[in-house]
Each structure stands twice: as structure tokens, then as C-alpha cells.
Amino acid sequence: MFEYVGSALHLQPLPQSSFSDCKTQHEVDVDFPGTDITFAYSPDADHCQQLCTQHPSCLFFTFIRGDWTRDNRHFYCYFKSTTTGEPRVRTPLLGVTSGYSLKPCSPDLKPCLSQVYQNVNLLGIDYRKLFTADYEECQRACTQDSGCQFFTFVNEHTQMENIRFMCHLKFSWTIPRPSVKTLLNVISGFSLKIQMGQQ
């Protein structure tokens, strides 16, 4: 859709699980092969972990990063489960990050989705477009708009002058899990509603 853009989201974890201890750390360049339930698109491993936490059956995950080179899959978040709550196998694999659901952690744990993503377009339902000075102002507009879950901001480097500095406010019908792709000269991020609610 855009040649140059930037983007951002909003989630709540599920109650405590009976499986394992709270494991918040990610395992970089480690795959948990097999036992896939489903997949969703995600911009990073932290967001993938939040999606896994909200999925009723997901106990751990493997995220395919943007630096993955084996095929055209990027930003895939694979939800996984076993009866033991642990992966059957751990395999070294460049370009992936694996980790665990946060269900066993504090049920009051609130995700922090303040990260923004350069050269990434979070695809969703664009319901409002406005011009802003920068991505921070676009993120503030998203945060202040009750319907906005994430945004994409087209920066000053785009060759398409008519959309330069355009802020696209977006939402999805369920848990925000936009399609994600690499796109030069853009910044993406999430609404700050969650962080504002914690203060």
C-alpha cells in the first residue's frame, strides 16, 4: 500500500496457568519446532509473547524475525502447546526467537507496547487519516482516540509528497495483531493507552 511508512498496539494477559514457572526471557536464535496451534503476524517477539499469552491454548511460541533468510516468512508468530507445557525440542536456528506465555506470571501484568518499528507497516483497518509533524504526534493522536489500537506514520523520506507526514489511525476487530511487513522510511508503534492507565 505505501512505499514508505511507520507503525504501533494494545493487549491484556489471561489468568494464571497451572503450567511451569513465570518465564519472561526470550531465547534468541532458538526454535521450538513442531506442536504448532496456529500463527499470527507480529512485529516483534515481545508482541508475539503477548499474543501467545492471550490465546487460550498457547503455552510457548516461536517468532520468525525480520532477519530470517530461509524463505519469505517474516514476522510470523507461531503459537505452540504440549501436555507438559514445555517444548519437546529446542533447536538452534538463526532468525527466530522463542519464549513462553506469560499466563503463569502475575495476572495483573500489563503489557507495555511503547516500541515503534522503523520501516514496518502494521496493516489494519485505517479509519482516520491526518497529517502530523512526526511519529510521536501520530502516536499521541492514536492514544487519545478511543478507537485507535495502532498507527502507521509516513515519514519525510517518502517520494510520494501527497502522503508525506500522513498519520493513519488503525484498529482490528479482535486482539490487535496486524499484518506486518518491512517497508523503508517508516516508523510504526502502539497506542500508549495501556501505559497511561497504569499511572
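Now for a quick tour of the structure. Everything numeric in this text was worked out from a predicted model, so none of it was measured.

Cut-offs used in this document
- Residues numbered from 1 in each chain as written.
- Predicted model: local features only at pLDDT ≥ 70, side-chain atom pairs only at ≥ 80, totals over all residues.
- Heavy atoms only, no water.
- Pairing = 2+ DSSP bridges.
- Helix = DSSP H or I, 4+ residues; strand = E, 2+ residues; numbered from the N terminus.
- Axes fitted to C-alpha atoms, helices over the stretch in contact; angles between N-to-C directions.
- Buried < 20%, exposed > 50% of the residue type's maximum accessible area, 1.4 Å probe, protein only.
- Core = buried A, V, L, I, M, F, W, Y, C linked by side-chain atoms within 4.5 Å.

1. Digging into the sheet that holds strand E6 (residues 91-100)
Read across the sheet, 5 strands follow the order E2-E6-E4-E5-E3 without closing on themselves; strand pairing throughout is antiparallel. In this open sheet, the two edge strands, each paired with only one partner strand, are strand E2 (27-31) and strand E3 (36-41). Here the strands of the sheet are splayed against their neighbours by 40° on average, with no regard to which way each runs.

2. Quick look at the environment of Cys-148
In this structure, Cys-148 sits in the loop between helix H2 (135-144) and strand E9 (150-154). Distance from Cys-148 to Arg-128, taken between C-alpha atoms, is 9.0 Å for residues 20 residues apart in sequence.

3. Considerations on the pairing of strand E5 (residues 76-80)
E5 sits mainly inside the fold: 5 of its 5 residues count as buried. Of the two faces of E5, the one holding Tyr-76, Tyr-78 and Lys-80 and the one holding Cys-77 and Phe-79 are both buried throughout. Note that E3 and E5 share 5 bridges and pair antiparallel. Bridge pairing in E5 places Tyr-41 opposite Tyr-76. Direction of pairing for strand E4 (residues 60-64) relative to E5: antiparallel, over a ladder of 5 bridges. Bridge pairing in E5 links Phe-61 to Phe-79.

4. Observations concerning the nonpolar core
Judged by nonpolar contacts, the single largest core of 18 residues is most densely connected at Phe-63, Phe-79, Val-120 and Leu-122. Secondary structure elements with two or more residues in this core: helix H1 (45-54), E4, E5, strand E7 (117-123) and strand E11 (179-190). It is H1 that provides the largest number of residues to this core, a total of 4 residues. The next biggest cluster of nonpolar side chains, apart from the first, holds 11 residues, and it includes Val-116, Leu-130, Cys-138 and Ile-187.

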